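Coordinate analysis (summary)
Here are the chains, one letter per residue:
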Amino acid sequence: MKRLLLTSAAALFATTAFAADPELIVFDWSGYEEEGFYPDYTAKHGDIPTFAFFGEEEEAFQKLRSGFRADVGHPCSQSVEKWRDAGLIEPWDISQIPAYANVGAAYKENPIFADETGVYFIPADLGATAIAYNTEEVPAADIESLQVFLDPKYAGRTSLPDNVDDAYSLAFLATGVTDWTTATPAQVDAASEWMRKAHANVRAYWADGAELAQLMATGEVLISWAWNETPVTMAADGAPIGYQREAKEGSSLWFCGYVNLQDGPGSEQKAHDFMNAWLQPEVTDYMVNEWGYGHGNAQAMANFDTAILDEVGMGKIDAPILRQLPLENAIREKMVASFEKIKAGF
């Protein structure tokens, strides 16, 4: 299970290096330019889309608000309402995306994703966030609880995501919250205070899987709150990396997808061809077997053996799960503001 992992610096270069079809600009996370995600598009149009990259959703939101133009964007579920309210996205024409029929009903019934005015969000990738750890240097007993991130034994040897949603999924779980859709300001404050304590142990905040893989491969970081992609790809390369989704406080599940950006400069037809290509069963196979992630095609996902899903960190677990569902915008904005202060040491 190997794939090209882009460092943040490489991602900057990739914005130019992956300039291809000028009639489709995809604003995406680095790594998703791989052709295994949209082979039908390349077969039909003879070229890959042009890709521009962002490292974090708030960055993407601000860039779009400032006038950056693209045709398709890749936010995660909790950002969709904010992007809709800001007028950044418009409905997909589902008649041009026949593979949408294979998307799970839960995504079609959520009014933030789809309502009487149209379908605004189509799920593409699903993953877990939990504890990745060095199995040679971290005893299994130490990662039975999320409080390991506060353990002074690991001062300067932990890493957290430079991503407000993943970071707060950890902090909420660690403070006893498993459903952030009902979170109160007081619970955000408690989670923020916990994260301030965890910050004291942090060597680095990682922006993407490549950066984290490098930190863990060198031994600089022994414990991280990580997407399941990182342990899957590192273990495949023989690194001593384990993944703990069953800490007593739990772990997190997230899903992201594609939106049709308002007044994109390119071809609407190509945007829809790209989305339909993303939902094909062969992309499901690629997502699971090469990345360790789940896929928006629920019908194709149902064909996977449970042993394979367990191996890549997407199986069922016996522990609490915080699902990164859409949450109240005021609560998320409070999280965003607090997270920036915490990273700055306040």
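Everything that follows concerns the structure shown earlier in this document.
Model, not experiment: these values are computed from the prediction.

With that out of the way, let us pick up the overall build of the protein. The helix and strand inventory of the protein stands at 14 helices and 14 strands. In terms of overall dimensions, the protein is globule-like: its C-alpha atoms have a radius of gyration of 19 Å, near the 20 Å expected for 346 residues. Projecting the C-alpha coordinates of the protein onto the three principal axes gives extents of approximately 55 × 45 × 35 Å. Burial statistics for the protein: of 346 residues in total, 56% are counted as buried. Contacts in the protein between residues far apart in sequence, at least 24 positions, make up 77% of those at least 6 positions apart. Counting every atom, the protein has about 13,400 Å² of accessible surface; 52% of that belongs to carbon and sulfur. Distance between charge centroids for the protein: 6 Å, based on 23 positive and 52 negative side chains.

Turning to helix α14 (residues 329–343), a few remarks are in order. In a regular helix each residue adds 1.5 Å, so 15 residues correspond to 21 Å; α14 covers 21 Å between its end C-alpha atoms and thus fits that length. For α14, the secondary structure elements touched by its buried residues are α3 (57–65), α4 (80–85), β8 (158–161), α6 (164–174), α7 (185–199) and β9 (202–206). G345 occupies a position one or two residues after α14 and carries a positive phi of about 95 degrees.

The next thing to look at is the nonpolar core. F37, W83, I122, Y258, F274 and W278 are the most contacted members of the largest nonpolar core, which totals 76 residues. It is strand β12 (residues 251–261) that contributes the most residues to this core, 7 residues altogether. A130, V138, Y205 and M335 belong to the second-largest nonpolar core, a separate cluster that totals 39 residues.

Between α6 and α7, the least distance of the axes is 8 Å, while the angle of their chain directions is 100 degrees. The angle between α6 and α7 falls in the class roughly perpendicular. The segment α6 lies against α7, with A167, Y168, L170, A171, F172 and A174 engaging Q187, V188, A191, S192, W194 and M195. The class makeup of the residues in the contact of α6 with α7 is 10 nonpolar, 2 polar and no charged.

Conventions and cut-offs
Residues numbered from 1 in each chain as written. Predicted model: local features only at pLDDT ≥ 70, side-chain atom pairs only at ≥ 80, totals over all residues. Heavy atoms only, no water. Helix = DSSP H or I, 4+ residues; strand = E, 2+ residues; numbered from the N terminus. Rg over C-alpha atoms; globule rule 2.2 N^0.38 Å. Buried < 20%, exposed > 50% of the residue type's maximum accessible area, 1.4 Å probe, protein only. Contact = heavy atoms within 4.5 Å. Areas by Shrake-Rupley, 256 points an atom, 1.4 Å probe, with all protein chains shown as cover. Lys, Arg positive; Asp, Glu negative; His and termini not counted. Charge placed at Lys NZ, Arg CZ, Asp CG, Glu CD. Expected span 1.5 Å × (residues − 1). Core = buried A, V, L, I, M, F, W, Y, C linked by side-chain atoms within 4.5 Å. Axes fitted to C-alpha atoms, helices over the stretch in contact; angles between N-to-C directions. Parallel < 35°, antiparallel > 145°, perpendicular 65-115°, else oblique. Nonpolar A, V, L, I, M, F, W, Y, C, P; charged D, E, K, R; others polar.

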